[in-house]
Amino acid sequence: MAMELIPIGTILAVVTNQVMKTAQAAKDIVIEKDSFKVLSKYLFDIEPVLKELQLKKLNDSQAARHALESLEADVKKANNLVEKYKNRARFYLLVKCRHIVHEVQEVTRDIGKSLAALSIANTELLSGISDEVNRLQDEMQRAEFETSHSQLQIVDKLNQGLRDQKLDQGFANDMLEEIARAVGVPVEPSEISKELASFRKEKEEAANRKERADVFFLEQVIELLSRADAARDHEEMQKQYLQRIQVIERYDAREECIPPLNPFICPITRTVMVDPVSLCTGTTCERAAIEAWFDGGKRTDPETGEMLEDTSLRSNLPLRQSIEEWRELNYCLKIRVCKAKLLSGSDSSMEEALSQMQDLMRENSINKDWISIGGLTDIIVSVLGNSHNREVKRKILITLKDIVEGHTRNKEKVIENQGWDHIVPCLGRDSSISKAAVELLFELLQDRSGWNVSVCRKLSHQCSGILFLVTLLKGTVRESAEYAEKILNKLFDIDEETIPRAAKSGWYKPLIDRITQGPESSKISMVRALVNMELVDSDLKLLGEEGIIPHLLEMVASGNIESKELSLSILVKLCGCHANKELLAASGGVPLVLKLMFSPHVRTIIIGRCSEILEKLSSDDDGIKFFVNEKGVQLELEQLIVDLLALQQNTNSSHNFRRPALRALLGISKSEAALVKTAVLTANGVSLVLPLLDDSDSEVREIAISLLFLFSQHEPQGVVEYLLKPKRLEALVGFLENDNKGDAQMAAAGLLANLPKSEISLTEKLIELDGLNALINILRSGTTGAKENALSALFRFTDPADPESQRIVVEQEAYPLLVNFLKSGSVTAKARAAALIGNLSASTPKLVGVPEQTGCWCFWRSRVPLCSAHGAICSVNTTFCLLEANALPHLVKLLQGEVDATAFEAIQTLSTLVQEGCPHRGANVLHEADAIKPILEILTWGTDSLKEEALGLLEKVFHSREMVETYGATARYILVGLSGRNVHEDGHFGRKAARVLSLIERYSKSSTSLLPGIFT
């Protein structure tokens, strides 16, 4: 009734004034200011409409009055909304932004509806601005407001975190920082504390309004944000801790708990309260407990049983503060006890203390700060470095993780106070310790923005840390491997130089990925790192298996000079592994390398690297196996040999590529004799290599002598003439005398062995220059190959046609060495030694002589024993007699090994004992040495050429009737089978067997037997 008595013009004036006031106030709202600004604009736009109505004298109709009153009520709601959010806590406004926007939208639409009703009631008066009024009321009724995207993201992230129960300090730091920035609050402890205090008041007011869902949500947000670093003023907390410490000093040092006062206990739960609220009766209860009490339909005082007239709740802030102080005193008591246990030196006490510290931090995050302020962090870091107890170490690492988790100040303290130096070695301990260590390390590397780049850089330069992380990555503990991989990948992003360090520790994949997928600068950097690494065979094999070779070849084909040189350098290393040679060949790398190597105007360094690759490909007796294209087709190698020889013509060229090129040529030449012969002849190879014997580089000279050894098997012409020139042969003898270079020594001896034996002048010159002595010394101390070649070279000095040279050989004590080879040499050495002894033995009959007879014949006969084989006085030095050299038993033994090469030479040498004019002595010697039976056995297992030699010796032996009588029966059985071969096989062989058989038949009917040892 009162409104009806008020003139409509007065109401219009009041509404107009209220609209302007609300419009002005809406502009100053901080949170969701865009929404309030839109509301403000609409209100300002309504003002001209209301003033127009004032000018036209608004009709005082029932409809107009009703519409105006409705508009006034809606504007009041808008004003109340502005007042409601004008001075609220900014954190609160942000987390409630969705709700606020919805409220602004609803009040805007309501005002639009009221404006539409007012327009309809005053159509004639507003005809002049009808279009503007219609547009305005239509827009307001359809208005849709949205929360700003950035604020919405923050709120969504917060809600999701609460749903996932992410209460760690790192998340708290992130959320507090994002919320503070969004509402314009400096991220400083003092400012944050004020804002959180206002936020708590909002929660208290919501509780008083019994908005339980809102209270629960706000409690969660406050609990989370209170964990953040910025929510704590370190100096204030330090001051607070010291105040609490002063209070507990009056308690006994062994005291661990102060009992709670009775007022602290909730009468419903009988536990210490967290959020105490008072009833109208003065009884105080835990808020959640009393709300559940009322929800259950009870309306009595839980303590007195008195019926309650008022069920409203009031926060008991003084009691709450007292309870918090009591809890904090207990925290300090427990921290003091933990400190004493940690310093006790007892492992069990330390473990107890560490468990208590973990419990304290779980109970209240403030204990992270107080534990650190109390010095416990420094203590456990020190214990970590000194303790040998595995469980203590593990628990310290877990406790440190709790201390530093999301706590910037504590992280800095641990890193700076030797913690780093003690934590990193723990990565290399057993799985339980290393797992705890890597989890702690991961946390230390985090900051509010994600990863702490400066700390990551510190770790990236610690090689032991990288090694341990790679070891964990490859280990069996999945969680540790995942943490290690995350850390390493981040280090790679921050500092690319960490990738080679990881590769040195055995993890090559990131390095290979950079080479295969990275930019050109990264590729070159990674390949350079590989070149500088010490790589063992397993590393080389792994790199090849990971597929690096095709990408390196791509860099060789299309990269710049640096890229080519580095790629070739690592390919040189990779080709040290046999499996990688196959991969290189299969990838078409060999034709690419050859093309690059022999291209015009190519740099010396590139030729050198290509030469080294060829050297590796042909090494380890692989020869030409890998000189194929990608399809496995053999390359044209004759031209390659010619080109490699041509490289040596420029003696001014760098040894860096001449040496590997020569070694490659050597490897190829060892494998394909026919190919080498053709190429050597084509390129006049011997004449190109001979001058290299005078090269200033010793290694070039050594390779040259090895090549000459191989080439001389195919083209010895020219070598002798060259060696007979001044100073040339001396150089060759120098190689023979150098025991430190086994390969060169072997090649020099082999070269001499290959040269024509008819070159008497060469033989004489070698004797003059002590070359013979050098060869004999090789027999004493050379390698197996050198000894074998030296034995071959001795043939030029043991020719029966040159007894003088033979005498020099014997005088230089070669005979015992030859006999020793019969006993313990290689098959080749045994065969050659037997042949050399045969050469010497062949000269014995010409050197024996009957001594002068002085005195009584019978006394002389008893004083001077005669050789059983030669019937004269023999010795090693004068007649080269193999019996005197004790070679006979060892030669016989060679007949029994079923080795053709040694048996063949042994038979030939034994044949020198059976002289055609007087076979009986030699045959009897062979009989007494048990040599004839194995010779007969050779006829059953030997090759045709060996059997023929055996038949030749038996033909000489069976001229002795006694030998026929002793061995005839056995020999007849074997020979009958062999003599039948003249019909179907080799007639000559059969005829020879038949001749031996005829000798046996000639003496078979005679029974006369000669006494052993009596011959004329």
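All chains use their own residue numbering, which begins from 1 and follows the written sequence. With the structure being a predicted model, the display of local features is reserved for residues of pLDDT at least 70 and the display and counting of side-chain atom pairs for 80 or more, all residues being used for whole-chain, interface and lining totals. Excluded from the side-chain calculations are hydrogens and water; all other atoms, namely the structure's heavy atoms, are used.

### Some points on the packing of helix α46 (residues 827-842) against helix α51 (residues 900-911)
Put simply, the rule reads: A fitted line through C-alpha atoms represents every axis, and for helices the fit uses only the stretch in contact; the resulting angles, taken between N-to-C directions, go from 0 to 180 degrees. Helix and strand definitions follow DSSP, with helices as H or I runs of at least four residues and strands as E runs of at least two, each counted in order from the N terminus. An angle counts as roughly parallel when it lies under 35 degrees, as roughly antiparallel when it exceeds 145, as roughly perpendicular when it falls between 65 and 115, and as oblique in every other case. For this analysis, residues touch if any pair of their heavy atoms sits within 4.5 Å. Residues are grouped as follows: nonpolar covers Ala, Val, Leu, Ile, Met, Phe, Trp, Tyr, Cys and Pro; charged covers Asp, Glu, Lys and Arg; every other residue, Gly included, is treated as polar.
Direction vectors running N to C along α46 and α51 enclose 10 degrees, while the axes themselves pass 8 Å from each other. Relative to α51, the element α46 lies roughly parallel. Contact residues: α46 offers Val827, Lys830, Ala831, Ala834, Ala835, Ile837 and Gly838, while α51 offers Ala901, Thr902, Glu905, Ala906 and Thr909. Within the contact of α46 with α51, the residues separate by chemical class into seven nonpolar, three polar and two charged.

### Regarding the packing of helix α15 (residues 347-363) against helix α18 (residues 390-404)
Think of two packed helices as two axes; the pair is described by the angle between the axes and how far apart they sit. Our working rule: Take the far helix as the reference: if the near one is turned anticlockwise from it by less than a right angle, the crossing is left-handed, and if turned clockwise, right-handed.
Interaxial distance between α15 and α18 falls to 10 Å at its minimum, and their mutual angle equals 20 degrees. In terms of their interaxial angle, α15 and α18 are classed as roughly parallel. For the crossing formed where α15 meets α18, the hand is left-handed. Every residue of α18 that contacts α15 at Asp347, Glu351, Leu354, Ser355, Met357, Gln358 and Met361 is listed here: Glu391, Val392, Lys395, Ile396, Ile398, Thr399, Asp402 and Ile403.

### Description of the packing of aromatic side chains
So the rule is basically this: Classification of ring pairs rests on two measures: the distance between centres of Phe, Tyr or Trp rings, Trp counted by its six-membered ring, which must be within 6.5 Å, and the angle between planes, read as stacked under 30 degrees, edge-to-face over 60 and tilted in between. Partly exposed describes any residue whose relative accessible area lies between the buried limit of under 20% and the exposed limit of over 50%, with all areas from a 1.4 Å probe on protein chains only and scaled to the type maximum. Charges are assigned to positions over rings by a cutoff of 6 Å between ring centre and Lys NZ or Arg CZ, combined with an angular limit of 35 degrees from the ring normal.
For the coordinates displayed, the defined rule picks out five aromatic pairs. Where Phe442 meets Trp451, the ring centres are 5.3 Å apart and the plane angle is 85 degrees; that geometry is what we call edge-to-face. Judged by its relative accessible area of 17%, Phe442 falls in the buried class. Among the aromatic residues, ring-to-ring pairing joins Phe442, Trp451 and Tyr483 into one connected group. Taking the ring centre of Trp293 as reference, the NZ or CZ of Lys298 above it sits at 4.1 Å. The cationic tip of Lys486 hangs over the ring face of Tyr483; the distance from NZ or CZ to the ring centre is 5.8 Å.

### Regarding unusual backbone geometry
Although it is not a glycine, Arg270 sits at a positive phi angle of roughly 60 degrees. As for its position among the elements, Arg270 is in the loop between α12 (234-248) and β1 (276-278). Look at Arg270 and you get exposed, because its relative accessible area is 58%. The residue Glu813 is not glycine, and still its phi comes out positive at about 60 degrees. Tracing the backbone through its elements, the reader meets Glu813 in the loop between α44 (803-811) and α45 (814-824).

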